[in-house]
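# A look at the structure
The residues making up each chain are set out below.
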Amino acid sequence: MARGLGQYIIIRALMIIPTILILYTLVFFFLRILPGNPVMAVVGTKNIPPEQLEHLMQMAGLDKPLYVQYFDYLKGVLHGDFGVTLAFPMGKPVWDYIAQRFPATLELALWAFTVSVLLGLLTGVIGATRKGTKTDTAMRVYSIIAYTLFIPWFGMMLQYLFGIHLHWLPTSGRLDPGVNLHTVTGLYVLDSIITGNWDALVSSVRHLILPALTLGIVLSGAYTRLVRNNMVDVLSQDFIRAYYARGVANRKVMWYALKNAFIPVVTLMGLQFAILLGGAVLTETTFSWPGMGTFLVDRIDYRDYNAIQGAVIFFAFFVGIISLIVDIVYALLDPRVKY
Amino acid sequence: MRRQYATLALVFLVVFSVVASGCISGGGGEEKPTTIVIGVTDKVTDLDPANAYDFYTWEVLNNVMEGLVKYKPGTLEIEPALAENWEVNEDSTVWTFYLRKDLKFADGTPLTAKDVVRSIERVMTIQGDPSWLVTDFVDKVEAKDDYTVVFYLKQPTAYFLALLTTPPYFPVHPDYAPDQIQSDQTAGGAGPYKITKWVRDEELVLEANPNYYGEKPKTEKIIIKFYRDASTMRLALQNGEIDIAWRTLRPSDIDSLKKDGNFNVIEVPGGFIRYICLNTKNDPTSNVKVRQALAAAVDRPEIAQKVFMGTVEPLYSLVPNGMWSHKDVFKTAYGDGNIEKAKALLSEAGYSESNPLEIQLWYTPTHYGDTEADLAQILKEQWEKTGMIKVTIKSAEWGTYTDYARNGQMQVYLLGWYPDYLDPDDYTTPFLKSTANSWAGTGYSNPTMDDLLSQAQRLSDQNERTKLYEQVQDILAQDVPYIPLIQGKLFVVTQKNVKGVTIGPDMIFRYSTLYKE
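Everything numeric here is computed off the predicted structure, so don't read it as measured data. (Residues numbered from 1 in each chain as written. Chains lettered and ligands numbered in written order. Predicted model: local features only at pLDDT ≥ 70, side-chain atom pairs only at ≥ 80, totals over all residues. Heavy atoms only, no water.)

### Brief notes about the UniProt feature "domain: Solute-binding protein family" (unreviewed entry) in chain B
Under the feature "domain: Solute-binding protein family" (unreviewed entry), the UniProt entry names residues 77–438 of chain B. Measuring from the first to the last C-alpha atom of residues 77–438 of chain B gives 32 Å, for a span that is 29% helix and 25% strand. (UniProt positions renumbered as here; feature names shortened; annotations may be inferred. Helix = DSSP H or I, 4+ residues; strand = E, 2+ residues; numbered from the N terminus.)

### Focus on the pattern of salt bridges
Residue and element names in this part refer to chain B. By the definition in use, this model includes 37 salt bridges over all chains. We note a salt bridge from Glu66 to Lys70, for which the minimum N-O separation is 3.4 Å. Just as Glu66 is buried, Lys70 falls in that class too. The salt bridge involving Lys327 is made with Asp474; its shortest N-O contact spans 2.9 Å. Of this pair, Lys327 sits in the loop between strand 13 (312–314) and helix 10 (329–334) while Asp474 sits in helix 16 (residues 462–479), and the two are 147 residues apart along the sequence. (Salt bridge = Lys/Arg side-chain N within 4 Å of Asp/Glu carboxyl O. Buried < 20%, exposed > 50% of the residue type's maximum accessible area, 1.4 Å probe, protein only.)

### A word on the interface of chain A and chain B
At the junction of the two partners, chain A supplies 71 residues and chain B supplies 68 residues. Linking chain A to chain B there are 4 salt bridges. Joining chain A to chain B, the criterion identifies 18 residue pairs in polar contact (both at pLDDT 80 or more). If you list the elements that add at least two residues to the side of chain A that touches chain B, you get helix 2 (38–43), helix 3 (50–59), helix 5 (94–129), helix 7 (151–165), helix 9 (198–235), helix 11 (250–286) and helix 12 (292–301) of chain A. If one sorts the elements of the side of chain A that touches chain B by residue count, helix 5 of chain A sits on top with 9 residues. Taken together, the residues of the side of chain A that touches chain B break down into 39 nonpolar, 21 polar and 11 charged. (Contact = heavy atoms within 4.5 Å. Polar contact = N/O pair within 3.5 Å; in protein donor to acceptor, adjacent residues only side chain to side chain. Nonpolar A, V, L, I, M, F, W, Y, C, P; charged D, E, K, R; others polar.)

### Some thoughts on the environment of Phe97 of chain B
All names here are of chain B. When you line up the elements, Phe97 lands in strand 5 (residues 94–99). In this structure, the C-alpha to C-alpha distance between Phe97 and Arg234, residues 137 residues apart in sequence, is 45 Å. In this structure Phe97 touches Leu68, Val69, Ala83, Asn85, Trp86, Tyr147, Thr148, Val149, Phe151, Phe160, Leu161 and Leu164, once residues within four positions along its chain are discounted.

### Focus on helix 5 of chain A
An α-helix turns once every 3.6 residues. As a result, residues three or four positions apart point the same way. All names here are of chain A. Between its first and last C-alpha, helix 5 extends 50 Å over 36 residues, near the 52 Å set by a 1.5 Å rise per residue. Along helix 5, the largest kink reaches about 30° and is centred on Arg101; proline Pro103 follows within four residues of it. For helix 5, a buried count of 27 out of 36 residues is recorded, marking the element as mostly surrounded by other parts of the structure. (Expected span 1.5 Å × (residues − 1). Bend = angle between axes of the 7 residues up to and from the residue.)

### With respect to the domain arrangement of chain B
Residues and elements named next belong to chain B. As assigned here, chain B comprises domain 1 (2–220 + 496–516) and domain 2 (271–489). When each unit is reduced to the centre of its C-alpha atoms, the spacing between domain 1 and domain 2 is 33 Å. Counting residues at the interface gives 18 residues for domain 1, matched by 14 residues for domain 2. Interface area, domain 1 with domain 2, both sides summed: about 1300 Å², of which 68% is carbon and sulfur. (Domains from an automatic or database assignment. Buried area = accessible area lost by both parts, 1.4 Å probe.)

### A few points about the packing of helix 5 of chain A against helix 13 (residues 305–333) of chain A
Residues and elements named next belong to chain A. Contact geometry of helix 5 with helix 13 gives a least axis separation of 11 Å together with a crossing angle of 45°. When the interaxial angle is binned, helix 5 and helix 13 end up oblique. Relative to helix 13, helix 5 is oriented so that their crossing is right-handed. Contact residues: Val94, Trp95, Ile98, Phe102 and Leu106 in helix 5; Asn306, Ala307, Gly310, Ala311, Phe314, Phe315 and Phe318 in helix 13. Residues that form the contact of helix 5 with helix 13 fall into these classes: 10 nonpolar, 2 polar and no charged. (Axes fitted to C-alpha atoms, helices over the stretch in contact; angles between N-to-C directions. Parallel < 35°, antiparallel > 145°, perpendicular 65-115°, else oblique. Left-handed = near helix turned anticlockwise from the far one by under 90°.)

What follows is the structure, given as structure tokens:
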């Protein structure tokens, strides 16, 4: 078993490489098929002499043949170098941006993830235990509505309600203006706890609530449905009846049922995490959240080849690792999984 | 069982509301009056004046640096800044500046003529985006002694003082590397403020520079918050998170904030212009009658009202309203929405209702805000009113769009212009001089025009220059390689207690006069 699991992990880990390579190749060529380039986008309508334009193209390395650019970048990535930005400001390591922006996305994703799992479990379990009642229907309706909500619209509704109308919460950004925080991990809540900066803690939590709720609620719908249906399935199985027959307390039975119903949920959690990062793009835009999503959107506008490639490779790598972890957890949870 | 879930739900709600409400008291968005928070949707691209070349970054640089001369706040008049006074030789090719004696950078390092020379040579060495503003004009620059700087120009340049007000000419702190772009360098120069915190795309904190030679800023600390889009910024203003919403709110936001009554909406004329480019090399716009017909059918007041809700004004020349030598040439030649004239011109060009002129009108969806599609649509309607034109609307993202433009691949397309320096030259030469307008892709070339523009560049007498620029504008209205449309106004929306907003014709917001009551 141990050897089997080890091999399984290695194979799954190796599979991340071709995925990233294919993605990189697609992004690389797709970006360059389109007319225009980062230098053009930055220079825009400014009256720059042609020879200076050439000089800028050279500085950006865009005068080299395509295949040279392709392998140069790939070689860099293998050495952990994501290249330098080609649009404004030119020549800054892309990695610096990723290191600054990714923790913001991760923090938002983790909070949203927590909200979605908690809400999903709660509503799912409530639905399952009251199968066929009005409450059950209400939970199912919740699931559908949550799932179909459009993030920017829903986010804006929350901004109006809790920001403009009630003045409870800030509507954008990560910290109040002028609040200083010494960053360690880049996750502001964690950093403010580590450094004992309570002003920053309160400020960062307040800023997280609305975006995390927006994304969390939207993603919770899928859990509600899955948890409810699994629980209903599990509750109708013989071993549950056996528990009851032996007089096991209701709370314990529910716990066992939930544990059994949880296995498919873990898979969903893995998938959801990837979706979460996608949803974060919309959420970040709605709440001016300075994460990878807004970074990517800005860079696409400016055709910053290196920044886009770097961000995509990093994202792909991260999602690959998450799904690997999920698969491992799944394998450990469910002894029936064969590798 | 039932009770358990109810409890769980309750716990969740309580946790949430405790966090939320606990924060309301703890958050204390109240800023002390010594701080003003400004929201913007622009970005600071590059804190290095050798490479920064966009309007908002120039604004920030203007608050943390200063040049030898500057615009008197709120006017087009140039006054001494780091230089106390200056001299110019007869043909305006040698300019000598005498620096103040007590100049220091924000950290106390003395600023001398050598720093001015080093900074300008740095711009020439690095060859960043805006370096042509120096290299096209300056042959060499020398420090005669600690307080005297002499510029030797390549050709007589009447508007050299206007050039000197731009960031590439600002002396920078010795911390800036002599031959490298330093995009996140915060050492700054000798302006009223210094940078104390810089988190790209999130926050920029400025504090009053204790070593500034001039008047002390009225507000000690200015915080700039960067927003992704106008709607988030507007919410932040309404929620009291920011004191000022600056560049750039949408026309509809400005309109509703005006009606709201809880904010001051301050309007100032802006020097940025919008215009249509016409490809003079390719059919059918190579025919001057076609270009004139298109110009005649355009109705600017309708565009200003319907698309921009009165937040812009009609523009009838490339030289903006209010600038010396401006002449409403398109109004005189064509008027607005002059369908009859357009029809007549189209007939002369060989078109009719049964044989209509077919054109493609291009726009770019985000670069100029989200009103762009409406602008294209209204132009289509105005042109099609003639019954002799069929318009297909096309769009492309900015990176692609600029490439198409430079390569002359579009026929009729929308662009905009923010000035580099405030002189009619910056609104005419880059557009109309055949050796300077390749960026615009219109392919326009007229030897008389080239000659007039070169003459105007060399003359130092403003009256003489005015005459030449008037002629230039007259020819522009006849040749129509561009159709000027509108000139932007600038809007600053503030909380009621914010005072002292000063934005001059250079469109630069100077934070040092701001204060809170």
